[in-house]
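Single-letter residue listing:
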Amino acid sequence: MHIKDKLAQNEAAGRVGISFEFFPPKTAQGVQNLYDRMDRMHALGPSFIDITWGAGGRLSDLTCEMVNVAQSVYGLETCMHLTCTDMPTEKVDAALQAAYKAGCTNILALRGDPPREKEKWEAADGGFRYAKDLVKYIRDKYGNHFDIGVGGYPEGADDNPDVDLLIDHLKEKVDAGSTFIVTQMFYDTDRFIQWVNKCRVKGINVPIIPGIMPIQTYAAFIRRANWTKIHIPEDWLEALEPVKNDDAAVKEIGKGLIAGMCRRLMAAGIKHLHFYTMNLAQATQLVLDELNLMPSEETPLQRPLPWRPSLGLNRRAEDVRPIFWRNRNSSYIARTQTWDEFPNGRWTDSRSPAFGELDSYGIGLKGTNEQNIQLWGEPKSIRDLSDIFVRYLEGRLNRLPWSDTPISSEANTIKPNLIELNNRGFLTINSQPAVNGAKSSHPVYGWGPKNGFVYQKAYLELLVPPYLLDDLIARVESNEDLTYHAVSKSGELRTNTRDSPNALTWGIFAGREVVQPTIVETISFLAWKDEAYRLGEDWAKCHDATSPSRKLIQGLVDTWYLVNIVNNDFHNTYNLFELFKGLNVKDLDVELTADSKPQENGSTDGILSETTKN
């Protein structure tokens, strides 16, 4: 959606909108960490984010890549910065085409700073001298596909302190086709409001979005103000100077100063706040909390679907997804982004030649070996493994190898059952409770348009040792309401399904067909099997090849079955956890030692394989 339309939508609803700016990190690990932070900050409810243009080869490519990931994987409406610096026309064309293919429909067109080795700004050969020229070029080439924003400078620009002349230039950029303005940071609210009034007098009537820079540390606060040549009010300096060496105190006082500035802006008619996050979350979050702009359970963000939709160009209408990637949204999007099997935006046949391919997609385990060992420790027994899963269920770990995200509140009603099952050695990696007609506005289960009703079947996915599989399957098959899949690492499959998609969640809404967004089906489960076992192997390989932890995890991966069970009676008259009564994982507390001998099947003596049978 265009930013101008987002702004109008928020204003019509009487909401103050927010947005965040991020910049491309310099390292691969920094990029991954930023993706995680962007994902978490999605929950703060931004109307959009923007990503700055990294001048030069690698960083400019990274901007395009990050826009694609933000749109497609994280479902964040994204605005891509594009500057004239070092940008001949062919590079501009390549960047615009990349944004177009990513589904991005918003560009912030800027002249940009001069390259570091040059003192004055110069246009690239065959490039653009002014931002207004870039705006006109984009508008002429792409029509109304892109909403085009431009920069505003309430206190002058680095190479031009004449505010009134810059307002004239701003009017030229708007006349060339720009539809919104994002301003340089400032701390003097009076100067900003006066500048907005001058813009309106000049006939600049498009939305003006103030750029808000939270205060992280005193040194950074002063450095950025000096760099941008903006005025700091005296009372701000008086408040911060005495505590300038206490970062916590600076952040606390700064939170109040920024929040006060924002309140004055809103009182003056500003309806949207754009935060320069500097790729950090806490300072921005503190300000939003102070302003009561944080989403709450009483006013939840309305979810269009139970999972986060992609905003990729060819996926915006997608409304069906297999449940197996519920907690690994990014790998599902990455795996399927090149498929052409989305007629009418609907997830259908998965028999793509790329379906079983893993190496081309980012589906591996996150984090370095050291980070993962620090997070999950060095397990030496099944008890140690079950303790890791229980800590995750209790909210004391924010991820597992099979889940990129913390446990959700949806699991609260079945959490005691999940904890009890994991304490007994069964390792659960995905689940959901039954829901029978919750309102679509429900703060936990709700999704879709207002005044609807949503339903879902109870679902459980877990790892089961081979010596318990036959007994478990016999119990499942004795209940005609239950269906299951069980698969080994090698691909041995057992199931009582008819190999057709089985809807796990659905919604009933006025004037619409029944929407069935989450499904279980055999072929996608087999694709998930490859990924699930790969993640387990990646976890094992975090540890030294001769370590007990490596042998324990690898042995489990090699021998245990991945099982999913669906209770098709959404009234939940039968509790899935009853299936496991009297089934016990053996040798929970037996620890491996460095000299434990692996069995021929890759397992380890007495703990993981069928050799534990009586």
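Computed from a prediction, not measured in an experiment: that's the story for all the values here.

Draft legend 1. Structural detail: the overall build of the chain. In terms of helices and strands, the chain carries 18 helices and 18 strands. Approximately 26800 Å² of the chain is accessible, and the part contributed by carbon and sulfur atoms is 48%.

Draft legend 2. View of the pairing of strand β1 (residues 17–22). For β1, a buried count of six out of six residues is recorded, marking the element as mostly surrounded by other parts of the structure. Taking every second residue as pointing to the same face, both faces of β1 are buried, with G17, S19 and E21 on one and I18, F20 and F22 on the other. The sheet contact formed by β1 and strand β2 (residues 48–51) spans four bridges and is parallel. Note on β2: the bridge partner recorded for F20 is I49. This β-α-β element, β1 to helix α2 (residues 28–41) to β2, shows right-handed connectivity.

Draft legend 3. Region of interest: the nonpolar core. In terms of nonpolar packing, the biggest core is built from 159 residues, with M38, M80, L82, Y187, W195, W528 and F580 touching the most fellow members. The element best represented in this core is helix α17 (residues 522–540), accounting for eight residues. Split by domain, the residues of this core number at least three in each of domain 1 (11–291) and domain 2 (369–579). Once residues lying within four places of it in the same chain are set aside, the contact partners of W195 are G152, Y153, P154, V163, I167, L170, I181, T183 and I208.

Draft legend 4. Region of the structure containing the packing of α17 against helix α18 (residues 548–559). In the contact formed by α17 and α18, the axes pass within 8 Å of each other and the chain directions differ by 165 degrees. For the element pair α17 / α18, the angle class is roughly antiparallel. Crossing angle aside, the handedness with which α17 passes α18 is left-handed. Here Y533, G536, E537, W539 and A540 of α17 lie close against α18, whose contacting residues are R550, I553, Q554, V557 and D558. By residue class, the composition of the contact of α17 with α18 is five nonpolar, two polar and three charged.

Draft legend 5. Layout of unusual backbone geometry. With a phi close to 65 degrees, N279 is a non-glycine residue in the positive phi region. Examined against the element boundaries, N279 turns out to sit in the loop between β8 (272–276) and α11 (282–290). The class for N279 is buried, based on a relative accessible area of 10%. Of note, N292 is a non-glycine position whose phi angle comes to about 55 degrees, a positive value.

Draft legend 6. Expanded view of the sheet that holds β8. With parallel pairing, the eight strands of this closed barrel are ordered in space as β1-β2-β3-β4-β5-β6-β7-β8. Across the sheet, the axes of successive neighbouring strands diverge by a mean angle of 30 degrees, strand direction being ignored. Sheet strands in contact with helix α10 (residues 247–267) are β7 (208–212) and β8, and its direction is about 170 degrees off that of β7.

Draft legend 7. Looking closely at the pattern of salt bridges. On inspection of all chains with the given rule, the structure shows 29 salt bridges. Of the charged contacts, one joins E410 and R326 as a salt bridge, the two residues approaching to 1.9 Å between their closest N and O atoms. Placement of E410 in the loop between α14 (382–393) and α15 (415–423) and of R326 in the loop between β9 (321–322) and α12 (329–336) is noted, with a sequence separation of 84 residues between them. A residue is classified by how much of its surface remains accessible, and R326, at 30% relative accessible area, is partly exposed. Between E537 and K489 there is a salt bridge; the shortest N-O distance is 2.5 Å. A residue pair is termed long-range when its members are at least 10 positions apart, and E537 in helix α17 and K489 in the loop between β14 (482–487) and β15 (493–495) qualify at 48 residues. Overall, the relative accessible area of 18% leaves E537 in the buried class. Among the residues examined, K489 registers a relative accessible area of 30% and is labelled partly exposed. A cluster of three or more residues bridged by salt bridges with shared partners is formed by E252, K255, R263 and E290.

Draft legend 8. Region of the structure containing the side chain of T559. Following the sequence through the fold, T559 ends up in helix α18. From its side chain, T559 meets the backbone oxygen of G555 in a polar contact 2.8 Å long.

Draft legend 9. Broad picture of the packing of aromatic side chains. Inspection of the entire model under this criterion finds 21 aromatic pairs. When the centroid spacing of 4.3 Å and the interplanar angle of 5 degrees are considered together, the rings of F186 and F192 count as stacked. Look at F192 and you get buried, because its relative accessible area is 1%. Ring geometry for W447 and F509: centres 5.5 Å apart, planes at 70 degrees, overall edge-to-face. Here F509 lies in the loop between β16 (502–508) and β17 (515–520) and W447 lies in the loop between β11 (435–439) and β12 (453–456), a separation of 62 residues in the sequence. By relative accessible area, which is 3% here, W447 ends up buried. An aromatic cluster of three or more residues is present, and its members are F324, W325, Y332, F525 and W528.

Draft legend 10. Examining the sheet that holds β9 more closely. Strand order in this open sheet of five strands is β9-β17-β16-β12-β11, and the pairing throughout is mixed. The open sheet has two edge strands, β9 and β11, and neither has a second partner. Of the pairings in the sheet, the one linking β12 to β16 comprises four bridges and is antiparallel in character. By the bridge assignment for β16, Y455 is matched with W506.

Draft legend 11. Looking closely at helix α1 (residues 3–12). Those residues of α1 lying buried are I3, K6, L7 and N10. Buried residues of α1, seen end-on, are gathered within an arc of 100 degrees and therefore sit on one face of the element. Backbone geometry just after α1 places G14 at a positive phi near 75 degrees.

Draft legend 12. Here's a closer look at a nonpolar patch on the surface. Together, F453, I508 and V514 make up an exposed nonpolar region whose accessible area comes to about 240 Å². Here I508 lies in strand β16. By relative accessible area, I508 is classed as partly exposed at 37%.

Draft legend 13. Seen up close, the environment of L375. For L375, the location among the structural elements is in helix α13 (residues 369–376). Since its relative accessible area comes to 21%, L375 is described here as partly exposed. It is 7.7 Å that separates the C-alpha atoms of L375 and L397, two residues lying 22 residues apart in sequence. Apart from residues no more than four positions distant in its own chain, L375 is found in contact with R391, L397 and R399.

Criteria and cut-off values
- Residues numbered from 1 in each chain as written.
- Predicted model: local features only at pLDDT ≥ 70, side-chain atom pairs only at ≥ 80, totals over all residues.
- Heavy atoms only, no water.
- Helix = DSSP H or I, 4+ residues; strand = E, 2+ residues; numbered from the N terminus.
- Areas by Shrake-Rupley, 256 points an atom, 1.4 Å probe, with all protein chains shown as cover.
- Buried < 20%, exposed > 50% of the residue type's maximum accessible area, 1.4 Å probe, protein only.
- Pairing = 2+ DSSP bridges.
- Right-handed = clockwise from strand over helix to strand, strands pointing away.
- Core = buried A, V, L, I, M, F, W, Y, C linked by side-chain atoms within 4.5 Å.
- Domains from an automatic or database assignment.
- Contact = heavy atoms within 4.5 Å.
- Axes fitted to C-alpha atoms, helices over the stretch in contact; angles between N-to-C directions.
- Parallel < 35°, antiparallel > 145°, perpendicular 65-115°, else oblique.
- Left-handed = near helix turned anticlockwise from the far one by under 90°.
- Nonpolar A, V, L, I, M, F, W, Y, C, P; charged D, E, K, R; others polar.
- Salt bridge = Lys/Arg side-chain N within 4 Å of Asp/Glu carboxyl O.
- Polar contact = N/O pair within 3.5 Å; in protein donor to acceptor, adjacent residues only side chain to side chain.
- Phe/Tyr/Trp six-rings, centres within 6.5 Å; stacked < 30°, edge-to-face > 60°.
- Arc of directions from axis to C-beta.
- Patch = residues over 30% accessible without salt bridge, like charges linked within 9 Å, V, L, I, M, F, W, Y side chains within 5 Å.

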